[in-house]
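A look at the structure
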Amino acid sequence: MTAATLTAAPLAPARRPGLAAGLRHTLTLAWRSLVQIKHNPMELLDLSIQPVMFVLLFTYVFGGAISGTPGDYLKFALPGIIVQNAFFATMTTGFGLNNDLTKGVFDRLRALPIARWAPLAGRILADTVKQAWSVSLLVGVGMILGFRLGNGVVGLLGAFALLLAFSLAASWISVLVGVLVSEPDKVQIFGFMVIFPLTFTSNAFVPTDTMPSWLQRWVEVNPVTILADALRGLLVGGPVAGPAVQAMIWAAALAAVFAPLAVRALRRRV
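Quick caveat: nothing in here was measured; it's all calculated off a predicted structure. (Residues numbered from 1 in each chain as written. Predicted model: local features only at pLDDT ≥ 70, side-chain atom pairs only at ≥ 80, totals over all residues. Heavy atoms only, no water.)

**Brief notes about the overall build of the protein chain**
Heads up, the rule is: In DSSP terms, a helix is any run of H or I states spanning at least four residues, a strand is any run of E spanning at least two, and both are numbered starting from the N terminus. Each residue gets one of three labels from its accessible area relative to the maximum for its type: buried under 20%, exposed over 50%, partly exposed in between, using a 1.4 Å probe on protein chains only. In this description, contact between two residues means that some pair of their heavy atoms is separated by no more than 4.5 Å. For accessible areas, the Shrake-Rupley method is used with a probe of radius 1.4 Å. Any residue's cover is judged against the shown protein chains and nothing else. The convention is simple: Lys and Arg are positive, Asp and Glu are negative, and His and the chain ends are not counted. For this purpose, a charge sits on NZ of Lys, CZ of Arg, CG of Asp or CD of Glu.
Counting its secondary structure elements, the protein chain contains 10 helices and zero strands. What you see in the protein chain, going N to C, is helices and strands ordered as α-α-α-α-α-α-α-α-α-α. Summarising its shape, the C-alpha atoms of the protein chain cover approximately 105 × 40 × 35 Å along the three principal directions. Residue burial in the protein chain is summarised as follows: out of 270 residues, 45% are buried. Long-range pairs, those at least 24 residues apart, make up 79% of the contacts in the protein chain with a sequence separation of at least 6. For the protein chain, the computed accessible surface area is about 14400 Å², with 68% contributed by carbon and sulfur atoms. Counting 20 positive and 11 negative side-chain charges, the protein chain places the averaged centre of each group 13 Å from the other.

**Digging into the environment of Ala77**
Here Ala77 lies in helix 3 (residues 70-102). Spatially, the C-alpha atom of Ala77 lies 7.9 Å from that of Phe58, the residues being 19 residues apart in sequence.

**Overview of the nonpolar core**
Heads up, the rule is: Residues belong to a common nonpolar core when they are buried Ala, Val, Leu, Ile, Met, Phe, Trp, Tyr or Cys residues joined through side-chain atoms within 4.5 Å.
Ile82 and Leu227 are the most contacted members of the largest nonpolar core, which totals 48 residues. Ignoring anything within four residues of it in the chain, the contact list for Ile82 reads Val135, Leu138, Val139, Leu163, Leu231 and Leu235. Core analysis: the next-biggest nonpolar cluster, separate from the first, contains 13 residues, Leu101, Val175, Val179 and Ala262 among them.

**Things to note about the pattern of salt bridges**
What counts here: Salt bridge, as used here, is a side-chain nitrogen of Lys or Arg placed within 4 Å of a carboxyl oxygen of Asp or Glu.
Evaluated as defined, the whole model comprises four salt bridges. The partner of Arg32 in a salt bridge is Asp100, with the nearest N and O atoms 3.6 Å apart. Within this pair, whereas Arg32 is found in helix 1 (residues 19-35), its partner Asp100 is found in helix 3, the two being separated by 68 residues in sequence. With its nearest N and O atoms 2.9 Å apart, the salt bridge here joins Arg123 to Asp100. In this pair, Arg123 sits in helix 5 (residues 118-145) while Asp100 sits in helix 3, placing the two residues 23 residues apart along the sequence. Assigned by exposure class, Arg123 and Asp100 land together as buried. Beyond isolated ion pairs, a larger network of salt bridges with shared partners links Arg32, Asp100 and Arg123.

**What to know about helix 3**
We count it as follows: Multiplying one less than the number of residues by 1.5 Å gives the expected span of a helix. Bending is quantified residue by residue as the angle between axes fitted to the seven-residue window ending at that residue and the seven-residue window starting at it.
Its 33 residues give helix 3 an end-to-end C-alpha distance of 45 Å, which sits within 8% of 48 Å, the value for a rise of 1.5 Å per residue. Residue Ala77 marks the point of greatest curvature in helix 3, where the axis turns by about 40 degrees; the proline Pro79 follows within four residues. When you tally the buried positions in helix 3, you get 25 out of 33 residues, the bulk of the element. One or two positions beyond helix 3, positive phi appears at Gly104, with a value near 80 degrees.

**Looking at the packing of aromatic side chains**
Applied cut-off: Working definition: a ring pair exists when centres of Phe, Tyr or Trp rings (six-membered ring for Trp) sit within 6.5 Å. Plane angles under 30 degrees give stacked, over 60 give edge-to-face, the rest tilted. Here, over-ring charges are defined by two tests on the NZ atom of lysine or the CZ atom of arginine: distance to the ring centre within 6 Å, and angle to the ring normal within 35 degrees.
A complete count under the given rule lists 10 aromatic pairs for this structure. We note Arg232 situated over the ring of Phe76; from NZ or CZ to the ring centre the distance is 3.9 Å.

**Observations concerning the packing of helix 9 (residues 223-235) against helix 10 (residues 241-269)**
Under the convention used in this document: Structural elements are reduced to axes, namely lines fitted to C-alpha atoms, with helices fitted over the stretch in contact, and the angle between N-to-C directions of any two is expressed from 0 to 180 degrees. Just so you know how the angles are binned, under 35 degrees is roughly parallel, over 145 roughly antiparallel, 65 to 115 roughly perpendicular, and the rest oblique. Here a crossing is taken to be left-handed if its near helix is turned anticlockwise relative to the far helix by less than a right angle, and right-handed if that turn runs clockwise. All residues other than Ala, Val, Leu, Ile, Met, Phe, Trp, Tyr, Cys, Pro, Asp, Glu, Lys and Arg, Gly among them, are scored as polar; the first ten of these are nonpolar and the last four charged.
In contact at an axis separation of 8 Å, helix 9 and helix 10 are set at 140 degrees when each is read in the N-to-C sense. One finds that helix 9 runs oblique with respect to helix 10. As helix 9 runs across helix 10, the sense of the crossing is left-handed. Residues Pro223, Ile226, Leu227, Asp229 and Ala230 of helix 9 touch helix 10, and the partners they reach there are Pro243, Ala244, Gln246, Ala247 and Trp250. Considered class by class, the residues forming the contact of helix 9 with helix 10 number eight nonpolar, one polar and one charged.

**Comments concerning the side chain of Thr93**
Just so we agree on the cut-off: Polar contact is the term for a pair of N or O atoms within 3.5 Å; when the atoms are in protein, one must be able to donate a hydrogen and the other to accept it, and sequence-neighboring residues count only if both atoms are side-chain atoms.
The topology assignment puts Thr93 in helix 3. On the basis of relative accessible area, Thr93 is assigned to the buried category, the value being 2%. A distance of 2.7 Å separates a polar atom in the side chain of Thr93 from a polar atom in the side chain of Asp127. Non-local contacts of Thr93, meaning those with residues more than four positions away in its chain, are made with Arg123, Ile124, Asp127, Ser171, Ser174 and Val175.

Nothing here speaks to function; it is geometry throughout.
As structure tokens, then:
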């Protein structure tokens, strides 16, 4: 009697999800990040109360001294406050990513049969939605205080699009920091050490010509200044094309430099 030898068939390699499936996974994970606000309402308060406090304090404490009246200062400062808030909000991407990495959540997500890029893309997409909420809140509060749109709804939508595109590119810096540091709190420390000097050495809050001549040279090329000028042109009135093009050049440069570095660092860590 001849014994039959059973050989196991080789396992077929798992198929990677296609683009459509990856987009669905991204939307699902983005929704997961947004739903978490329900369990951590302090995150929503950070996105809401802090920006409003900046608008109120800067308008009524510094407005009269800088522009003569709070109303005149609000027209100048609100776009700058929106830009500052956007830069700080990008740090939430790195904070949330590092939190998922240190707690093992990111590893569990990547072990699922989903697109490998979906967890990171979902995090960035969710934070972009939070950015949109924060900008809407700032514009709404500004209008309650007397701010008026110089270019109507078209200018407002253009400002939204430009700001979100720039924030999306700048968020790669936060992703890189979130991957490299060992604790989420260190992402916030990086934000305060870098973003505070960057925003306060710009024309976000005071006109460039009021600063020392040696500082004005940096202020004029500071990406915060360029983005704030573009938003002023879109929301209030004035030059738009030049600052907007320069802002997009900055955004492209940030993405080109930091996106590959962040992805490489993430691959090494996971």
